Amino acid sequence: MFTPSPDSAARETSGAPGILEAVRPLVLASGSPRRREMLAGLGLRFEVLQSPEPEPLPLPGEAARDYALRAAQAKAQAVAALRPGAVVLGSDTVVVLGDEIMGKPADPDEAMLMLTRLVGTTHHVVSSCVLLRPDGPPARLAVSTEVTMGPQPLGVILAYVATGEPLDKAGAYAIQGRGGFLVERIRGSYTNVVGLPLAEVVEVLVSWGVVAPRQD
């Protein structure tokens with residue numbers, strides 16, 4: 001069983017004994033607590049090391065899937081350079097309304113603007129993952145989930161923004177948090193909306209022999 005080494009630039013994360021265990025060094029190239037919790041919930045032990053590089057911005061006319069994959073690739077590559085013997089998982093999540101990519105709001109005013117545009121409409125959440133390994137080709141995944149929000153009074157949206165939760169979330173809401181009440185229905189993967197297409201990621205890690213069913 002793999003046991004991550006503590007490092008001054010990294011945090012060690014472990015879940016309670018669960019379904020899977022990491023049998024090779026695994027690094028999550030993300031500071032997202034949602035992604036960390038989903039992997040740890042499987043019982044995995046892994047290292048968390050956030051990319052030291054700033055996130056790239058979308059290019060003019062760039063499709064959401066392509067941008068999210070490019071951002072995930074940049075995160076994974078930056079961390080893989082620091083952990084050359086490990087399997088590295090980089091991920092990025094964006095909210096797409098029409099052709100517009102919505103990232104994280106810069107302040108409460110921008111969060112309010114995003115949410116007033118999203119409520120009463122259907123949008124898509126795209127989560128892309130790039131998995132890098134030292135002994136083979138990478139895996140690149142992009143999963144899209146359709147999300148429909150019901151209409152909300154302006155005062156309700158203001159109250160939600162005042163909680164502070166929207167400020168570090170793509171599209172200014174968290175389906176797994178207080179913002180769950182905004183979502184009327186989804187079509188596709190729930191974990192993808194949270195920030196990680198868990199089924200697809202686990203399929204790759206199992207096929208690569210990075211994680212395996214827990215034996216104890």
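Everything below is about the structure shown above.
In short, a report on the structure.

Rules and cut-offs
Residues numbered from 1 in each chain as written. Predicted model: local features only at pLDDT ≥ 70, side-chain atom pairs only at ≥ 80, totals over all residues. Heavy atoms only, no water. Helix = DSSP H or I, 4+ residues; strand = E, 2+ residues; numbered from the N terminus. Rg over C-alpha atoms; globule rule 2.2 N^0.38 Å. Contact = heavy atoms within 4.5 Å. Lys, Arg positive; Asp, Glu negative; His and termini not counted. Charge placed at Lys NZ, Arg CZ, Asp CG, Glu CD. Axes fitted to C-alpha atoms, helices over the stretch in contact; angles between N-to-C directions. Parallel < 35°, antiparallel > 145°, perpendicular 65-115°, else oblique. Left-handed = near helix turned anticlockwise from the far one by under 90°. Core = buried A, V, L, I, M, F, W, Y, C linked by side-chain atoms within 4.5 Å. Buried < 20%, exposed > 50% of the residue type's maximum accessible area, 1.4 Å probe, protein only. Phe/Tyr/Trp six-rings, centres within 6.5 Å; stacked < 30°, edge-to-face > 60°. Polar contact = N/O pair within 3.5 Å; in protein donor to acceptor, adjacent residues only side chain to side chain. Pairing = 2+ DSSP bridges. Arc of directions from axis to C-beta.

Looking only at helices and strands, the protein chain features six helices and 10 strands. Over its C-alpha trace the protein chain gives a radius of gyration of 18 Å, about what one expects of a compact globule, namely 17 Å for 216 residues. Seen through its principal axes, the protein chain has C-alpha atoms that stretch 50 × 40 × 35 Å. The long-range share in the protein chain, meaning contacts at least 24 apart out of those at least 6 apart in sequence, stands at 71%. Counting 19 positive and 23 negative side-chain charges, the protein chain places the averaged centre of each group 3 Å from the other.

Contact geometry for helix H3 (residues 108-118) and helix H4 (residues 154-162): axes closest at 10 Å, N-to-C directions at 140°. In terms of orientation, H3 and H4 fall into the oblique class. Here the hand of the crossing between H3 and H4 comes out right-handed. In this structure, H3 contributes Pro108, Ala111, Met112, Leu115 and Thr116 to the contact, and H4 contributes Leu154, Ile157, Leu158, Tyr160 and Val161.

A separate point is the nonpolar core. Soluble globular proteins tend to pack their nonpolar side chains together in the buried interior. The biggest cluster of nonpolar side chains holds 50 residues, and the ones touching the most others in it are Leu44, Leu131 and Tyr173. What Leu131 contacts, discounting residues up to four positions off in sequence, is Val88, Leu89, Pro138, Ala139, Leu141, Val201, Val204, Leu205 and Trp208. Counting 12 residues, the second-largest nonpolar core is a separate cluster that includes Leu69, Ala72, Val88 and Val130.

A full pass over the atoms with the stated rule returns one aromatic pair. Look at Tyr160 and Phe181: their rings are 6.0 Å apart centre to centre, the planes differ by 85°, and that puts the pair in the edge-to-face class. Of this pair, Tyr160 sits in helix H4 while Phe181 sits in the loop between H4 and strand S9 (183-187), placing them 21 residues apart in sequence. Given a relative accessible area of 3%, Tyr160 falls into the buried group.

The subject of this paragraph is the side chain of Ser51. With respect to the helices and strands, the residue Ser51 is situated in the loop between strand S4 (45-48) and helix H2 (64-80). Polar contacts involving the side chain of Ser51 include one to the main-chain amide nitrogen of Glu53, which spans 3.1 Å. Dropping the residues within four chain positions of it, Ser51 is found in contact with Ala74, Lys75, Ala78 and Val79.

This part takes up the side chain of Glu47. The topology assignment puts Glu47 in strand S4. Classification of Glu47 as buried rests on a relative accessible area of 7%. A polar atom in the side chain of Glu47 sits 3.0 Å from the side chain of Arg83.

A regular strand places its side chains on the two faces of the sheet in alternate fashion. Strand direction decides the pairing type here: strand S7 (residues 122-132) and strand S8 (residues 139-149), joined by 10 bridges, are antiparallel. Bridge pairing in S8 places Val126 opposite Ser144. Pairing analysis gives four bridges linking S8 to S9, with the strands arranged antiparallel. Note on S9: the bridge partner recorded for Glu146 is Arg187.

Attention now goes to unusual backbone geometry. For residues besides glycine, phi is generally negative; the peptide bonds are generally trans as well. For Ala172, which is not a glycine, the phi torsion comes out positive at approximately 70°. For Ala172, a relative accessible area of 0% corresponds to the buried category.

With that settled, the discussion passes to H3. Here H3 has its buried residues at Ala111, Met112, Met114, Leu115 and Leu118. Buried residues of H3, viewed axially, fall in a sector of 165°; they line one side. Those residues of H3 that are exposed and angled more than 90 degrees off the buried face are Asp109 and Leu113. In this structure, the buried residues of H3 make contact with strand S5 (87-97), strand S6 (100-102), S7, S8 and H4.

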